[in-house]
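Structural characterization, general
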Amino acid sequence: VEHELGLLKKGDRIVALDVGGETLAEVAPIVDQCHPGDDDNIARNAFRRTVVDPINAHLRAVRDHQAAEQSPLAETILAVASDSSIHPQGSKLRILFVTDGLQNSALQSAYRRGSTFPAPGGQSLKGVVIKLVLIKNGRDLRRQPRAIAQLTLWLEQAGGQVIASEPGWLSLAKSERHGGKR
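The shown structure was predicted, so the numbers you read here are calculated from the model rather than taken from an experiment. (Residues numbered from 1 in each chain as written. Predicted model: local features only at pLDDT ≥ 70, side-chain atom pairs only at ≥ 80, totals over all residues. Heavy atoms only, no water.)

Here we look at the pattern of salt bridges
Scanning the model with the defined rule gives eight salt bridges in all. One salt bridge in this structure joins Glu2 and Arg48, with 3.6 Å as the shortest N-O distance. In this pair, Glu2 sits in helix α1 (residues 2-6) while Arg48 sits in helix α2 (residues 41-62), placing the two residues 46 residues apart along the sequence. Taking relative accessible area as the criterion, Arg48 reaches 39% and is therefore assigned partly exposed. Ionic contacts of the salt-bridge type, sharing partners, join the residues Glu2, Arg48 and Asp53 into one network. (Salt bridge = Lys/Arg side-chain N within 4 Å of Asp/Glu carboxyl O. Helix = DSSP H or I, 4+ residues; strand = E, 2+ residues; numbered from the N terminus. Buried < 20%, exposed > 50% of the residue type's maximum accessible area, 1.4 Å probe, protein only.)

Structure follows, in structure tokens:
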């Protein structure tokens, strides 16, 4: 997350949300700030204090949360991309989405046998860059390779540009899923 924050330029807006299965209207931002720049130490310290530190504190705290009953990943990304307060028409949007990739909602569920995403209605994510930061879900590791592939494909079909580096643990999960050994 800090690496991605380091790529931002002065004036870029940072909105950090924890949507944990709630509708976007119910979510209070963790951070909603413009990058003050890094021209001097005062600006760098302001950025760390108002952006980096609150996000890191939230990421530490979220580790202790109970698993949510739903995980509407695709719906959340669509909601963020279509929210004019976050993504005004004509602006660029880059979503850094920290996830295990396990979609679980009425739209599609990694937990329902044979469940697949419906065809997206148009190109609602056209021009949106979605970077997936994939985290290991020890409980459902065997489901992750297929779920991540399905989510990525659906986001691309909806017009999004998806960036996802495959972590080593995901390669091992794929191997195990196809009969390999750890």
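On we go from here.
Some details on the packing of aromatic side chains
Enumeration over the complete set of coordinates arrives at one aromatic pair. With 5.5 Å between their ring centres and 25° between their planes, Phe117 and Trp154 make a pair best called stacked. Residue Phe117 is located in the loop between β3 (93-99) and β4 (128-134), and its partner Trp154 is located in helix α4 (residues 144-157); the two are separated by 37 residues in the primary sequence. Here Phe117 and Trp154 have matching classes, each one buried. (Phe/Tyr/Trp six-rings, centres within 6.5 Å; stacked < 30°, edge-to-face > 60°.)

Notes on the sheet that holds β3
Pairing between the strands of a sheet comes from backbone hydrogen bonds, and it takes one of two forms, parallel or antiparallel. Strand order in this open sheet of three strands is β3-β4-β5, and the pairing throughout is parallel. Each edge of the open sheet carries a strand with a single partner, namely β3 and β5 (161-163). Averaged over all neighbouring strand pairs, the angle between strand axes comes to 20°, with direction disregarded. Pairing of β4 with β5 involves three bridges; the strand directions are parallel. Looking at β5, one finds that Lys131 is bridged to Ile163. This element, helix α3 (residues 73-82), spans β3 and β4 of the sheet and lies at about 155° to β3. (Pairing = 2+ DSSP bridges. Axes fitted to C-alpha atoms, helices over the stretch in contact; angles between N-to-C directions. Contact = heavy atoms within 4.5 Å.)

Notes on the confidence of the model for the protein chain
Of all residues in the protein chain, 92% have pLDDT values of 70 or greater, and the mean over the chain is 87. When the elements of the protein chain are averaged for pLDDT, helix α5 (residues 168-177) gives the smallest value, 70, and β5 the largest, 96. (pLDDT = per-residue confidence, 0-100.)

Points about α4
For the α-helix, the turn length of 3.6 residues means that residues three or four positions removed from each other point alike. Taking 1.5 Å per residue, 14 residues should reach 20 Å; α4 reaches 20 Å between its end C-alpha atoms and fits that length. Three or more residues of α4 are buried, namely Gln144, Pro145, Ala147, Ile148, Gln150, Leu151, Thr152, Trp154 and Leu155. (Expected span 1.5 Å × (residues − 1).)

Brief notes about the nonpolar core
By size, the foremost hydrophobic cluster in this structure holds 25 residues, and its most contacted members are Ile77, Leu93, Ile95, Leu125, Val128, Ile130 and Leu155. Contributions of two or more residues to this core are made by α3, β3, β4, α4 and α5. Broken down by element, this core gets its largest block of residues, five residues, from α3. Sequence-distant contacts of Ile95, defined by excluding residues within four places in its chain, comprise Ile77, Val80, Val128, Val129, Ile130 and Lys131. Among the nonpolar cores identified, the runner-up in size contains eight residues, and Leu5, Val31, Val51 and Ile55 belong to it. (Core = buried A, V, L, I, M, F, W, Y, C linked by side-chain atoms within 4.5 Å.)

Thoughts on a nonpolar patch on the surface
Taken together, the side chains of Val1, Val98 and Ile135 present a nonpolar region at the surface, about 210 Å² in accessible area. We classify Val1 as partly exposed; its relative accessible area is 34%. (Patch = residues over 30% accessible without salt bridge, like charges linked within 9 Å, V, L, I, M, F, W, Y side chains within 5 Å. Areas by Shrake-Rupley, 256 points an atom, 1.4 Å probe, with all protein chains shown as cover.)

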